[in-house]
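Take a look at the letters that make up each chain.
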Amino acid sequence: YGHTFSKILEMFDEPYIMHGEAVNVDGWLCVLLSLGRGYINHATADRVYAAMKAIGMPTCWEHCTTDILWKGLEDAVEHRHGKQRLPLITGIGSSVCVNDITKEELRTAVEFMHAYELREGKA
């Protein structure tokens, strides 16, 4: 959890993102992918978001674009024996690994990510 997209975010020099921050952004993206698939409801996503914000962790980064994150997923597939093996939550404390995330699903999750930030007045 949190180690699929974070690597590519950490490759950018400016602005710098620490490993734990990148992992948190990645984890939040996976929550949003879970929401998009109907694995969790909005209340669960809101609960995770509130917890992440309460400890001062970022949930978005300026380099969180569909194309950049898709490259991160493609890189992960290369190191996971040709499968995405992407962990998505199905509830607090439960998860499933999937291998069929599409670029369109990722695009929708990125839109959700930015919408949450706008809702909170952070973007």
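The structure contained in this document is the topic of the report that follows. (Residues numbered from 1 in each chain as written. Predicted model: local features only at pLDDT ≥ 70, side-chain atom pairs only at ≥ 80, totals over all residues. Heavy atoms only, no water.)

### What about the nonpolar core?
- Phe5, Trp28 and Leu29 are the most contacted members of the largest nonpolar core, which totals 35 residues.
- For this core, the secondary structure elements donating two or more residues are α1 (6-10), α2 (19-37), α3 (42-54), α4 (66-78), β1 (86-91) and α5 (103-119).
- Sorting elements by how many residues they give to this core places α2 first, with nine residues.
- Contact partners of phenylalanine 5, with chain neighbours within four places excluded, come to Asp26, Leu29, Cys30, Leu33, Leu69, Leu73, Leu86 and Leu106. (Core = buried A, V, L, I, M, F, W, Y, C linked by side-chain atoms within 4.5 Å. Buried < 20%, exposed > 50% of the residue type's maximum accessible area, 1.4 Å probe, protein only. Helix = DSSP H or I, 4+ residues; strand = E, 2+ residues; numbered from the N terminus. Contact = heavy atoms within 4.5 Å.)

### Examining the packing of α2 against α3
- Two elements in contact, α2 and α3, have axes separated by 10 Å at closest approach and are oriented at 170°. By the angle between their directions, the pair α2 and α3 is classed as roughly antiparallel. Facing Asn24, Gly27, Trp28, Val31 and Leu35 of α2, the residues of α3 in contact are His42, Ala45, Val48, Tyr49 and Met52. (Axes fitted to C-alpha atoms, helices over the stretch in contact; angles between N-to-C directions. Parallel < 35°, antiparallel > 145°, perpendicular 65-115°, else oblique.)

### Thoughts on the pairing of strand β2 (residues 94-98)
- Of the strand pairs in this sheet, β1 and β2 are connected by five bridges, and their pairing is antiparallel. Opposite leucine 88, over in β2, you have valine 96 as the bridge partner.
- Where β1 folds back onto β2 in an antiparallel hairpin, the turn is made up of two residues, including glycine 93, whose phi is positive at roughly 90°. (Pairing = 2+ DSSP bridges.)

### A word on α4
- Between its terminal C-alpha atoms α4 stretches 18 Å, which fits the 18 Å expected from 13 residues at 1.5 Å a residue.
- The set of residues buried in α4 consists of Thr66, Ile68, Leu69, Trp70, Gly72, Leu73 and Ala76.
- At its buried positions, α4 is contacted by α1, α2 and α5. (Expected span 1.5 Å × (residues − 1).)

### Some remarks on the environment of valine 77
- Counting through the fold element by element, valine 77 comes out in helix α4.
- When near neighbours in sequence (up to four residues on either side) are disregarded, valine 77 contacts Gly82, Lys83 and Gln84.

### Describing the side chain of arginine 80
- In this fold, arginine 80 is placed in the loop between α4 and β1.
- Among buried charged residues, arginine 80 stands out as having no salt bridge; its nearest opposite-charge side chain is aspartate 26, 6.6 Å away.
- Within the structure, the side chain of arginine 80 is placed 2.8 Å from the backbone oxygen of glutamine 84, a separation counted as a polar contact.
- Discounting residues that sit within four places of it in the chain, arginine 80 has contacts with His3, Thr4, Arg85 and Leu86. (Lys, Arg positive; Asp, Glu negative; His and termini not counted. Salt bridge = Lys/Arg side-chain N within 4 Å of Asp/Glu carboxyl O. Polar contact = N/O pair within 3.5 Å; in protein donor to acceptor, adjacent residues only side chain to side chain.)

### Some words on the packing of α3 against α5
- Following both chains from N to C, one finds α3 and α5 inclined at 65°, their axes separated by 13 Å at the closest point. Crossing angle aside, the handedness with which α3 passes α5 is right-handed. Residues His42, Ala45, Asp46, Tyr49 and Lys53 of α3 form the contact with α5, whose participating residues are Tyr116, Glu117 and Arg119.
- Grouping the constituent residues of the contact of α3 with α5 by class yields three nonpolar, one polar and four charged. (Left-handed = near helix turned anticlockwise from the far one by under 90°. Nonpolar A, V, L, I, M, F, W, Y, C, P; charged D, E, K, R; others polar.)

### Some details on α3
- The end-to-end C-alpha separation of α3 is 18 Å, in line with the 18 Å expected for 13 residues at 1.5 Å each.
- Buried residues of α3: Thr44, Ala45, Val48, Tyr49 and Met52, and no others. Angularly, the buried residues of α3 cover 135° about the axis, an arc narrow enough to put them on a single face. Among the exposed residues of α3, those oriented more than 90 degrees off its buried face are His42, Ala43, Arg47 and Ala54.
- Where α3 starts, the residue carrying a side-chain oxygen 3.2 Å from the main-chain nitrogen of alanine 43 turns out to be asparagine 41.
- Just downstream of α3, glycine 56 is the residue with a positive phi angle, here 80°. (Arc of directions from axis to C-beta.)

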